[in-house]
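Listed below are the residues making up each chain.
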Amino acid sequence: INSDADISRTLSNLGIVEKELGNFDAALTYYMAALSKIDEKTDLKAAGKIYSNIGIVYKHLKQFHKSLEYYQMPLKISEDLKDSLGISRAYSNMASSYNNMEMLDTALYYFKISNEMREHFGDKLGLAIGSASIGDILIKRKDPDQALYYYEKAMKLYLELSDNDGYATTLASIGKMQFAVGKYQKAYDSYIDALKIYEKSKKREDIMSICLDISDV
């Protein structure tokens, strides 16, 4: 007979599948059922992962206050477990929610704390994602010079990781920034460079998106 912990893992995995398929209501049903099968006081790490996944679902549903509420739960768990990497991930998720709610100063604060922690751990991928996210916020705050600094930092890390998709996405963000400040030729060049990478990886949605950007130049 499967233990409650095994059943919870199975339900959680089903939630992940439904989330990836875009069936968010079904994903929530599975995640809530998974939570009901574990002892949240003893199986803290498992509970934290489920809470984070629920937060992601609510983000996709654009219920950002609800998303933040569930992102804060794994933060408390990680603090109790003295799990610094878990804390940095929770900060990053919370920053994403604050960004979605246009609370830019708070989002920037949590992204920067998360990045400091990730740099300490040598978490290059997390640091690259966080740096690009900071760049996005600085664009909203109309600070393109600082945004470029963080975008270039992200690109350097993506290059070290051979993460072509991350590199291309950051190039596209730089293109949008250059277009916004009237540097149309530079924007065009950035878009074309990003398009070449997307074409190699056959990322159809990204190819379509970047082609629309190019048509605007």
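So, how was this worked out
Residues numbered from 1 in each chain as written. Predicted model: local features only at pLDDT ≥ 70, side-chain atom pairs only at ≥ 80, totals over all residues. Heavy atoms only, no water. Helix = DSSP H or I, 4+ residues; strand = E, 2+ residues; numbered from the N terminus. Buried < 20%, exposed > 50% of the residue type's maximum accessible area, 1.4 Å probe, protein only. Contact = heavy atoms within 4.5 Å. Areas by Shrake-Rupley, 256 points an atom, 1.4 Å probe, with all protein chains shown as cover. Lys, Arg positive; Asp, Glu negative; His and termini not counted. Charge placed at Lys NZ, Arg CZ, Asp CG, Glu CD. Patch = residues over 30% accessible without salt bridge, like charges linked within 9 Å, V, L, I, M, F, W, Y side chains within 5 Å. Salt bridge = Lys/Arg side-chain N within 4 Å of Asp/Glu carboxyl O. Expected span 1.5 Å × (residues − 1). Arc of directions from axis to C-beta. Phe/Tyr/Trp six-rings, centres within 6.5 Å; stacked < 30°, edge-to-face > 60°.

Student: A description of the overall build of the protein chain should follow, citing residues and the corresponding values.
Tutor: Scanning the protein chain for helices and strands turns up 11 helices and 0 strands. The linear arrangement of helices and strands in the protein chain, starting from the amino end, is α-α-α-α-α-α-α-α-α-α-α. When burial is assessed residue by residue, the protein chain has 43% of its 217 residues classed as buried. Taking the intrachain contacts of the protein chain between residues at least 6 apart in sequence as the baseline, contacts between residues at least 24 apart amount to 45%. For the protein chain, the exposed area adds up to about 12,300 Å²; of that, 52% sits on carbon and sulfur atoms. Once the 28 positive and 31 negative side-chain charges of the protein chain are each reduced to a mean point, those two points are 1 Å apart.

Student: Tell me about a nonpolar patch on the surface, residues and numbers included.
Tutor: A cluster of nonpolar residues, Leu125, Ile129 and Leu161, forms a patch on the protein surface that exposes about 230 Å² of accessible area. For Leu161, the location among the structural elements is in the loop between α8 (144-160) and α9 (164-180). A residue is classified by how much of its surface remains accessible, and Leu161, at 35% relative accessible area, is partly exposed.

Student: Before we move on, could you go through α8 and cite the residues and values that matter?
Tutor: Between its first and last C-alpha atoms α8 spans 24 Å; for 17 residues at 1.5 Å apiece the expected length is 24 Å, and the two agree. Three or more residues of α8 are buried, namely Ala147, Tyr150, Tyr151, Ala154, Met155, Leu157 and Tyr158. For α8, the angular spread of buried residues about the axis comes to 165 degrees, placing them on one side. In α8, the exposed positions angled more than 90 degrees off the buried face are occupied by Asp145, Lys156 and Leu159. Trailing α8 by a residue or two, Ser162 shows a phi angle of about 55 degrees, which is positive.

Student: Residues and numbers for the packing of aromatic side chains, please.
Tutor: Considering all chains together, one arrives at 7 aromatic pairs under this definition. For the ring pair Tyr98 and Tyr110, a centre distance of 5.7 Å and an interplane angle of 5 degrees mean the geometry is stacked. With Tyr98 in helix α5 (residues 84-100) and Tyr110 in helix α6 (residues 104-121), this pair connects stretches of sequence that are 12 residues apart. Residue Tyr110 is classed as buried on the basis of its relative accessible area of 18%. When the ring of Tyr109 is compared with that of Tyr110, the centres are 5.1 Å apart and the planes differ by 80 degrees; the resulting orientation is edge-to-face. Through pairs of rings, three or more aromatic residues link up here, namely Tyr91, Tyr98, Tyr109 and Tyr110.

As far as function goes, none of this settles anything; it's purely spatial.
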